[in-house]
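Read off the chains here:
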Amino acid sequence: MRIVRAKALGFCFGVRRAIDMVEEAADERGHIDSLGSIVHNPVVVDGLVEKGVQVVGGLDDVASGTVAVTAHGRGPEITREAKERGLDLIDATCPIVRKSQKAARSLCAEGFRLIIYGETDHPEVRGVLAWTEGKGTAILDPEAEIDIPRRKVALLAQTTKSEESFAKFVARFVGHNIGRINELRIVNTTCPETDERYHAARELAAECDLVIVVGGRNSANTRKLAQTCADTGVETHHIERAGEIKSRWLEGKDSVGVTAGASTPDQSIDEVVARLDKLGEQLHAKGRRAGQRLQPGRVGA
Ligand code: SF4
(Lines give C-alpha, C1' and ligand atoms only; values in the text may rest on other atoms or scores of the structure.)
Protein backbone atom coordinates (compact mmCIF):
# COMPACT_ATOMS: atom_id res chain seq x y z
CA MET A 1 0.00 0.00 0.00
CA ARG A 2 1.38 3.37 -1.05
CA ILE A 3 1.11 6.26 1.43
CA VAL A 4 1.16 9.69 -0.19
CA ARG A 5 1.45 13.01 1.66
CA ALA A 6 -0.21 16.06 0.09
CA LYS A 7 2.27 18.52 -1.45
CA ALA A 8 1.13 21.19 1.04
CA LEU A 9 -0.26 20.22 4.43
CA GLY A 10 -0.22 21.03 8.12
CA PHE A 11 0.86 24.16 9.96
CA CYS A 12 0.72 27.37 7.97
CA PHE A 13 3.25 30.10 8.61
CA GLY A 14 0.80 32.16 10.72
CA VAL A 15 0.19 29.29 13.12
CA ARG A 16 3.88 28.36 13.36
CA ARG A 17 4.69 31.98 14.12
CA ALA A 18 1.99 32.23 16.82
CA ILE A 19 3.12 29.02 18.50
CA ASP A 20 6.76 30.14 18.48
CA MET A 21 5.75 33.49 20.01
CA VAL A 22 3.72 32.03 22.90
CA GLU A 23 6.23 29.25 23.59
CA GLU A 24 9.03 31.76 23.78
CA ALA A 25 7.01 34.04 26.10
CA ALA A 26 5.98 31.11 28.36
CA ASP A 27 9.58 29.98 28.46
CA GLU A 28 10.77 33.42 29.59
CA ARG A 29 7.93 34.11 32.06
CA GLY A 30 7.03 30.61 33.25
CA HIS A 31 3.32 31.01 32.55
CA ILE A 32 1.16 33.08 30.22
CA ASP A 33 -2.53 33.14 29.29
CA SER A 34 -3.93 32.88 25.78
CA LEU A 35 -7.24 34.45 24.79
CA GLY A 36 -8.83 31.37 23.26
CA SER A 37 -6.97 28.41 21.75
CA ILE A 38 -3.84 29.33 19.80
CA VAL A 39 -5.04 26.88 17.16
CA HIS A 40 -8.13 24.73 16.82
CA ASN A 41 -6.30 21.53 17.58
CA PRO A 42 -6.48 19.62 20.90
CA VAL A 43 -3.04 18.02 20.46
CA VAL A 44 -1.35 21.43 20.12
CA VAL A 45 -3.41 22.97 22.94
CA ASP A 46 -2.49 20.11 25.34
CA GLY A 47 1.18 20.46 24.41
CA LEU A 48 1.10 24.21 25.05
CA VAL A 49 -0.61 23.78 28.43
CA GLU A 50 2.35 21.60 29.46
CA LYS A 51 4.69 24.40 28.42
CA GLY A 52 2.81 26.98 30.54
CA VAL A 53 0.30 28.44 28.07
CA GLN A 54 -3.14 28.46 29.67
CA VAL A 55 -6.26 29.08 27.57
CA VAL A 56 -8.65 31.66 29.04
CA GLY A 57 -12.01 32.97 27.85
CA GLY A 58 -11.50 36.68 28.58
CA LEU A 59 -9.26 39.29 30.20
CA ASP A 60 -11.06 38.78 33.56
CA ASP A 61 -9.53 35.29 33.72
CA VAL A 62 -5.93 36.33 33.09
CA ALA A 63 -3.93 35.43 36.20
CA SER A 64 -0.37 35.49 34.83
CA GLY A 65 -0.05 39.19 33.98
CA THR A 66 0.65 38.31 30.31
CA VAL A 67 -1.99 37.65 27.71
CA ALA A 68 -1.57 36.43 24.14
CA VAL A 69 -3.82 37.21 21.19
CA THR A 70 -3.94 34.21 18.86
CA ALA A 71 -3.22 34.09 15.09
CA HIS A 72 -6.96 34.68 14.51
CA GLY A 73 -6.61 38.20 15.91
CA ARG A 74 -8.96 40.30 18.03
CA GLY A 75 -10.64 43.67 17.99
CA PRO A 76 -8.83 46.90 18.97
CA GLU A 77 -10.63 46.98 22.34
CA ILE A 78 -8.49 44.08 23.60
CA THR A 79 -5.24 46.04 23.25
CA ARG A 80 -6.87 49.00 24.98
CA GLU A 81 -8.33 46.96 27.86
CA ALA A 82 -5.15 44.92 28.37
CA LYS A 83 -3.21 48.18 28.70
CA GLU A 84 -5.75 49.61 31.15
CA ARG A 85 -5.41 46.49 33.29
CA GLY A 86 -1.62 46.68 33.22
CA LEU A 87 -1.27 43.37 31.32
CA ASP A 88 1.58 42.58 28.92
CA LEU A 89 0.19 41.75 25.50
CA ILE A 90 1.77 39.22 23.11
CA ASP A 91 0.06 39.90 19.80
CA ALA A 92 0.39 36.78 17.63
CA THR A 93 -2.22 37.94 15.07
CA CYS A 94 -1.23 36.46 11.70
CA PRO A 95 0.07 39.22 9.37
CA ILE A 96 -2.46 38.11 6.72
CA VAL A 97 -5.33 38.49 9.20
CA ARG A 98 -3.87 41.85 10.22
CA LYS A 99 -4.13 43.02 6.57
CA SER A 100 -7.79 42.04 6.61
CA GLN A 101 -8.39 44.00 9.83
CA LYS A 102 -6.65 47.08 8.40
CA ALA A 103 -8.66 46.84 5.17
CA ALA A 104 -11.90 46.55 7.17
CA ARG A 105 -11.05 49.58 9.28
CA SER A 106 -10.06 51.85 6.39
CA LEU A 107 -12.99 50.82 4.16
CA CYS A 108 -15.46 51.56 6.94
CA ALA A 109 -13.77 54.91 7.54
CA GLU A 110 -14.36 55.65 3.82
CA GLY A 111 -18.07 54.98 4.30
CA PHE A 112 -18.31 51.48 2.84
CA ARG A 113 -20.80 48.94 4.14
CA LEU A 114 -18.49 46.00 4.82
CA ILE A 115 -19.56 42.46 4.02
CA ILE A 116 -17.33 39.57 5.03
CA TYR A 117 -17.84 36.26 3.29
CA GLY A 118 -17.40 34.07 6.37
CA GLU A 119 -18.79 32.50 9.49
CA THR A 120 -20.11 35.03 12.02
CA ASP A 121 -19.00 33.00 15.02
CA HIS A 122 -15.46 32.28 13.77
CA PRO A 123 -12.87 34.05 15.99
CA GLU A 124 -11.05 35.62 13.03
CA VAL A 125 -14.30 37.00 11.59
CA ARG A 126 -15.44 38.31 14.98
CA GLY A 127 -12.05 40.01 15.30
CA VAL A 128 -12.25 41.65 11.84
CA LEU A 129 -15.83 42.77 12.52
CA ALA A 130 -14.67 44.42 15.73
CA TRP A 131 -12.52 46.77 13.58
CA THR A 132 -15.58 48.00 11.65
CA GLU A 133 -17.32 49.80 14.54
CA GLY A 134 -20.62 48.14 13.74
CA LYS A 135 -20.48 48.76 9.97
CA GLY A 136 -19.63 45.18 9.06
CA THR A 137 -21.63 41.99 8.66
CA ALA A 138 -20.53 38.41 8.01
CA ILE A 139 -22.64 36.27 5.72
CA LEU A 140 -22.26 32.97 3.90
CA ASP A 141 -25.37 33.30 1.74
CA PRO A 142 -24.63 35.85 -1.06
CA GLU A 143 -28.35 36.50 -1.37
CA ALA A 144 -28.89 37.23 2.33
CA GLU A 145 -30.87 40.42 2.93
CA ILE A 146 -28.63 43.27 4.08
CA ASP A 147 -29.07 47.01 4.31
CA ILE A 148 -26.81 49.20 2.13
CA PRO A 149 -27.51 52.72 3.36
CA ARG A 150 -24.90 54.64 1.29
CA ARG A 151 -24.88 52.37 -1.77
CA LYS A 152 -21.17 51.70 -1.17
CA VAL A 153 -20.20 48.10 -0.52
CA ALA A 154 -16.87 46.44 0.21
CA LEU A 155 -16.46 42.67 0.12
CA LEU A 156 -13.83 40.74 2.07
CA ALA A 157 -13.40 37.04 2.77
CA GLN A 158 -12.52 35.04 5.85
CA THR A 159 -8.88 34.12 5.16
CA THR A 160 -9.56 30.38 5.15
CA LYS A 161 -12.16 30.55 2.37
CA SER A 162 -10.87 29.33 -0.99
CA GLU A 163 -10.39 31.87 -3.77
CA GLU A 164 -12.78 29.86 -5.91
CA SER A 165 -15.59 30.00 -3.36
CA PHE A 166 -14.99 33.73 -2.78
CA ALA A 167 -15.20 34.35 -6.54
CA LYS A 168 -18.53 32.51 -6.68
CA PHE A 169 -19.79 34.43 -3.64
CA VAL A 170 -18.83 37.78 -5.23
CA ALA A 171 -20.54 36.92 -8.53
CA ARG A 172 -23.80 35.91 -6.85
CA PHE A 173 -23.70 38.80 -4.37
CA VAL A 174 -23.26 41.33 -7.17
CA GLY A 175 -25.96 39.66 -9.28
CA HIS A 176 -28.39 39.89 -6.38
CA ASN A 177 -27.59 43.42 -5.19
CA ILE A 178 -26.35 45.36 -8.22
CA GLY A 179 -29.46 47.56 -8.33
CA ARG A 180 -28.66 48.90 -4.84
CA ILE A 181 -24.92 49.51 -5.29
CA ASN A 182 -23.17 52.56 -6.79
CA GLU A 183 -19.67 51.67 -5.72
CA LEU A 184 -18.15 48.28 -5.05
CA ARG A 185 -14.73 47.42 -3.60
CA ILE A 186 -13.48 43.83 -3.48
CA VAL A 187 -10.46 42.98 -1.35
CA ASN A 188 -9.23 39.44 -1.80
CA THR A 189 -8.30 38.54 1.77
CA THR A 190 -8.19 34.78 1.20
CA CYS A 191 -4.96 33.21 2.43
CA PRO A 192 -2.63 31.73 -0.24
CA GLU A 193 -1.46 29.07 2.24
CA THR A 194 -5.00 27.78 2.67
CA ASP A 195 -5.65 27.77 -1.07
CA GLU A 196 -2.43 25.86 -1.64
CA ARG A 197 -3.73 23.18 0.76
CA TYR A 198 -7.07 22.91 -1.08
CA HIS A 199 -5.29 22.48 -4.45
CA ALA A 200 -2.91 19.89 -3.01
CA ALA A 201 -5.83 18.03 -1.40
CA ARG A 202 -7.68 17.80 -4.74
CA GLU A 203 -4.55 16.49 -6.45
CA LEU A 204 -4.12 13.93 -3.68
CA ALA A 205 -7.74 12.80 -3.90
CA ALA A 206 -7.34 12.30 -7.65
CA GLU A 207 -4.42 9.89 -7.24
CA CYS A 208 -5.51 7.93 -4.13
CA ASP A 209 -8.20 5.37 -3.21
CA LEU A 210 -8.67 6.82 0.26
CA VAL A 211 -7.78 10.12 1.93
CA ILE A 212 -7.17 10.66 5.63
CA VAL A 213 -7.55 14.28 6.74
CA VAL A 214 -5.83 15.01 10.05
CA GLY A 215 -6.89 17.90 12.29
CA GLY A 216 -9.15 19.20 15.02
CA ARG A 217 -12.86 18.62 14.50
CA ASN A 218 -13.34 22.21 15.66
CA SER A 219 -10.99 23.48 12.94
CA ALA A 220 -13.03 25.11 10.16
CA ASN A 221 -10.25 24.77 7.57
CA THR A 222 -9.65 21.07 8.36
CA ARG A 223 -13.38 20.36 7.98
CA LYS A 224 -13.37 22.25 4.68
CA LEU A 225 -10.31 20.29 3.53
CA ALA A 226 -12.12 17.02 4.33
CA GLN A 227 -15.18 18.24 2.41
CA THR A 228 -13.00 19.23 -0.56
CA CYS A 229 -11.59 15.68 -0.73
CA ALA A 230 -15.01 14.03 -0.21
CA ASP A 231 -16.51 16.19 -2.97
CA THR A 232 -14.16 14.56 -5.48
CA GLY A 233 -15.87 11.23 -4.71
CA VAL A 234 -12.90 9.63 -2.93
CA GLU A 235 -13.49 7.86 0.41
CA THR A 236 -12.44 10.41 3.04
CA HIS A 237 -12.04 10.20 6.83
CA HIS A 238 -11.45 13.20 9.09
CA ILE A 239 -9.54 12.18 12.22
CA GLU A 240 -7.86 14.02 15.09
CA ARG A 241 -5.44 11.30 16.17
CA ALA A 242 -3.69 8.31 14.56
CA GLY A 243 -5.46 5.87 16.91
CA GLU A 244 -8.80 6.59 15.17
CA ILE A 245 -7.73 4.90 11.91
CA LYS A 246 -9.60 1.62 11.36
CA SER A 247 -7.85 -1.25 9.64
CA ARG A 248 -10.98 -2.03 7.61
CA TRP A 249 -10.72 1.38 5.86
CA LEU A 250 -7.50 0.18 4.24
CA GLU A 251 -8.76 -3.15 2.94
CA GLY A 252 -8.39 -3.34 -0.84
CA LYS A 253 -6.72 0.08 -1.06
CA ASP A 254 -3.56 0.52 -3.14
CA SER A 255 -2.85 4.12 -2.24
CA VAL A 256 -3.80 6.19 0.78
CA GLY A 257 -3.41 9.95 0.84
CA VAL A 258 -2.72 12.03 3.94
CA THR A 259 -3.43 15.71 4.30
CA ALA A 260 -3.87 18.01 7.29
CA GLY A 261 -5.39 21.36 8.21
CA ALA A 262 -3.33 24.49 8.83
CA SER A 263 -3.58 23.91 12.60
CA THR A 264 -2.29 20.33 12.58
CA PRO A 265 1.23 19.74 13.96
CA ASP A 266 3.85 17.71 12.07
CA GLN A 267 3.91 15.22 14.94
CA SER A 268 0.24 14.26 14.39
CA ILE A 269 0.85 13.82 10.65
CA ASP A 270 3.93 11.64 11.29
CA GLU A 271 1.96 9.48 13.76
CA VAL A 272 -0.80 8.98 11.18
CA VAL A 273 1.70 7.98 8.47
CA ALA A 274 3.43 5.57 10.89
CA ARG A 275 0.11 3.94 11.84
CA LEU A 276 -0.96 3.62 8.21
CA ASP A 277 2.38 1.99 7.48
CA LYS A 278 1.92 -0.48 10.33
CA LEU A 279 -1.69 -1.34 9.47
CA GLY A 280 -0.75 -1.69 5.78
CA GLU A 281 2.02 -4.15 6.71
CA GLN A 282 -0.40 -6.13 8.91
CA LEU A 283 -2.97 -6.35 6.11
CA HIS A 284 -0.29 -7.39 3.65
CA ALA A 285 0.98 -10.13 6.02
CA LYS A 286 -2.60 -11.32 6.59
CA GLY A 287 -3.15 -11.46 2.82
CA ARG A 288 0.10 -13.41 2.36
CA ARG A 289 -0.92 -15.98 5.02
CA ALA A 290 -4.36 -16.38 3.43
CA GLY A 291 -2.65 -16.88 0.03
CA GLN A 292 -0.32 -19.53 1.47
CA ARG A 293 -3.27 -21.55 2.77
CA LEU A 294 -4.78 -21.86 -0.76
CA GLN A 295 -4.04 -25.14 -2.61
CA PRO A 296 -3.01 -24.99 -6.29
CA GLY A 297 -6.03 -25.30 -8.53
CA ARG A 298 -8.43 -24.56 -5.68
CA VAL A 299 -8.90 -20.78 -5.71
CA GLY A 300 -11.96 -20.14 -3.60
CA ALA A 301 -14.81 -17.75 -4.39
S1 SF4 B 1 -4.29 30.11 7.42
FE2 SF4 B 1 -3.30 31.88 6.49
S3 SF4 B 1 -4.30 33.63 7.44
FE4 SF4 B 1 -4.75 31.88 8.74
S5 SF4 B 1 -3.13 31.87 10.26
FE6 SF4 B 1 -2.45 30.57 8.59
S7 SF4 B 1 -1.20 31.90 7.27
FE8 SF4 B 1 -2.46 33.21 8.61
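Structural data are supplied above this passage.
Quick caveat, the model's predicted, so the values are computed rather than measured.

A. Expanded view of helix α8 (residues 220-231). Across its 12 residues, α8 extends 16 Å between first and last C-alpha, which sits within 8% of the 16 Å expected from 1.5 Å per residue. For α8, the secondary structure elements touched by its buried residues are α7 (192-207), β10 (210-214), β11 (235-239) and β12 (255-260). Of the residues flanking the end of α8, it is G233, one or two places downstream, whose phi is positive at about 100°.

B. How the structure looks around the nonpolar core. Formed by 33 residues in total, the largest nonpolar core has its most connected members in I212, L250, V272 and L276. Per-element accounting of this core gives the leading share, 6 residues, to helix α10 (residues 266-293). When sequence neighbours within four positions are dropped, the list of residues in contact with V272 reads I212, V214, I239, A242, I245 and V258. By size, the runner-up hydrophobic cluster in this structure holds 23 residues, among which are I19, A26, A68 and I90.

C. Representation of the sheet that holds strand β8 (residues 152-157) within the structure. Spatially, the 4 strands line up as an open sheet ordered β7-β6-β8-β9, and their pairing is parallel. The two strands at the open ends of the sheet, each matched to only one other strand, are β7 (136-139) and β9 (183-186). In this sheet, neighbouring strand axes are inclined to one another by 20° on average, regardless of whether the strands run parallel or antiparallel. Those strands touched by helix α4 (residues 95-109) are β6 (113-117), β8 and β9, and its axis lies near 175° from that of β8.

D. Region of interest: the site of the ligand. Taken together, the residues surrounding the ligand are C12, F13, G14, C94, I96, V97, T159, C191 and T194. With respect to the detected pockets, the ligand is housed in the largest cavity. Elements supplying a minimum of two residues to the shell around the ligand: α1 (13-29) and α4. For the shell around the ligand, the residue count by class is 6 nonpolar, 3 polar and no charged. Taken domain by domain, the makeup of the shell around the ligand includes at least three residues from each of domain 2 (13-95) and domain 3 (96-186).

E. Geometry of the pairing of strand β4 (residues 66-69). Burial along β4 is two-sided: T66 and A68 and V67 and V69, pointing in opposite directions, are all buried. The sheet contact formed by strand β2 (residues 32-35) and β4 spans 3 bridges and is parallel. Bridged to S34 within β4 is A68. The parallel pair β4 and strand β5 (residues 88-91), bridged by helix α3 (residues 76-84), forms a crossover whose chirality is right-handed.

Conventions and cut-offs
Residues numbered from 1 in each chain as written. Predicted model: local features only at pLDDT ≥ 70, side-chain atom pairs only at ≥ 80, totals over all residues. Heavy atoms only, no water. Helix = DSSP H or I, 4+ residues; strand = E, 2+ residues; numbered from the N terminus. Expected span 1.5 Å × (residues − 1). Contact = heavy atoms within 4.5 Å. Core = buried A, V, L, I, M, F, W, Y, C linked by side-chain atoms within 4.5 Å. Buried < 20%, exposed > 50% of the residue type's maximum accessible area, 1.4 Å probe, protein only. Pairing = 2+ DSSP bridges. Axes fitted to C-alpha atoms, helices over the stretch in contact; angles between N-to-C directions. Near = heavy atom within 4 Å. 1 Å grid on protein atoms, 1.4 Å probe; cavity = no way out; pocket = protein on both sides within 12 Å on 5 of 7 lines; lining within 4 Å. Sits in = over half its atoms within 2 Å of the grid points. Nonpolar A, V, L, I, M, F, W, Y, C, P; charged D, E, K, R; others polar. Domains from an automatic or database assignment. Right-handed = clockwise from strand over helix to strand, strands pointing away.

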